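Survey of secondary and tertiary structure
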Amino acid sequence: MQAPYATNEPECVPSVPDGFRYIPNALTSEEESKLRTDCAAIPDWFDTAGRSASFSGRLACYGFPFAKPGWRVKPSGPFPPWLLDCRLACGRLTGIPIRQTEQALVTDYTPGACLSAHFDARVFEEHVIAVSLGADSVVEFTRNGMDRIHVPIAARSIYILAGSARFDWKHAILPLRQQRISITFRSIHPLALALEDR
């Protein structure tokens, strides 16, 4: 696995935050290749170039809209069959119930792209499921500006954020040398859905 770009990082704690789960080799090489082909065929990517200082790449959203201050990614329509299959597989592998109110966010990290430290919005419920395709990556967890943990994430793996890992630790993706695609599934809190419908 490649090292992150940064060379002056403090020594990392050899542990993971409570609530973080990691499933290596969740996909076969053939399943990953098919998903990458499906993602490449997405017709309406949202390019974040010039819109975000925290992420440089492309996004496609299905289900509930994805919003950031100053811009909003509208849904690309209903889940296509390949994404429904991926969602069902994630439910089987993680044991987390899959509901119709779920959002899928496909993120294309081009070479050099990274994602700055953040919490996922509270409009989403506790569990966040991420499928990793393409390049290996490093998730950096930070807490209170002092604690820092680096967790290697291999291609074809799935990781889950819940509990303390979801609500107490910010997470970031360190800069990538090669293309990585992530498929993130999140469920919307019922109150957020009620407000959206008003």
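Check the entry above for the structure.
The present account deals with the structure reproduced in this document. Each chain has its residues counted from 1, running along the sequence as written. The predicted nature of this model means local features are confined to residues of pLDDT at least 70 and side-chain atom pairs, given and counted, to a pLDDT of 80 or more, with totals for whole chains, interfaces and linings taken over all residues. The side-chain values count all of the structure's non-hydrogen atoms but skip hydrogen atoms and water molecules.

To continue, consider the packing of aromatic side chains. The criterion for an aromatic pair is that two Phe, Tyr or Trp rings (for Trp, the six-membered ring) have centres within 6.5 Å, with stacked assigned to planes under 30 degrees apart, edge-to-face to planes over 60 apart and tilted to the rest. For the coordinates displayed, the defined rule picks out three aromatic pairs. On the numbers, 6.4 Å between centres and 80° between planes, the contact of tyrosine 62 with phenylalanine 79 is edge-to-face. Taken together, the residues span a long stretch of sequence, with tyrosine 62 in strand β3 (residues 58–62) and phenylalanine 79 in the loop between β5 (71–73) and α2 (81–94) at a distance of 17 residues. You'll find tyrosine 62 and phenylalanine 79 in the same group, each marked buried. An aromatic cluster of three or more residues is present, and its members are Phe20, Phe141 and Tyr159. Under the DSSP-based scheme used, a helix requires at least four consecutive residues in state H or I and a strand at least two consecutive residues in state E, with every element numbered from the N terminus. Exposure classes here rest on a 1.4 Å probe applied to the protein chains alone. A residue is buried below 20% of its type maximum, exposed above 50%, and partly exposed in between.

Moving on: the nonpolar core. Nonpolar cores are built from buried Ala, Val, Leu, Ile, Met, Phe, Trp, Tyr and Cys residues. Side-chain atoms within 4.5 Å join them into one set. Counting 25 residues, the largest nonpolar core has Val106, Val131, Ile183 and Phe185 as the members making the most contacts within it. Of all the secondary-structure elements, those providing two or more residues to this core are α1 (29–40), β3, α2, β6 (102–109), β8 (124–134), β11 (158–161) and β13 (180–188). The biggest single contributor to this core is α2, with four residues. Residue contacts follow a heavy-atom distance rule, with two residues in contact if any of their heavy atoms lie within 4.5 Å. Setting aside anything within four residues of it in sequence, one finds valine 106 in contact with Cys39, Ile42, Trp45, Arg58, Leu59, Ala60, Tyr62, Trp82, Ile181 and Ser182.

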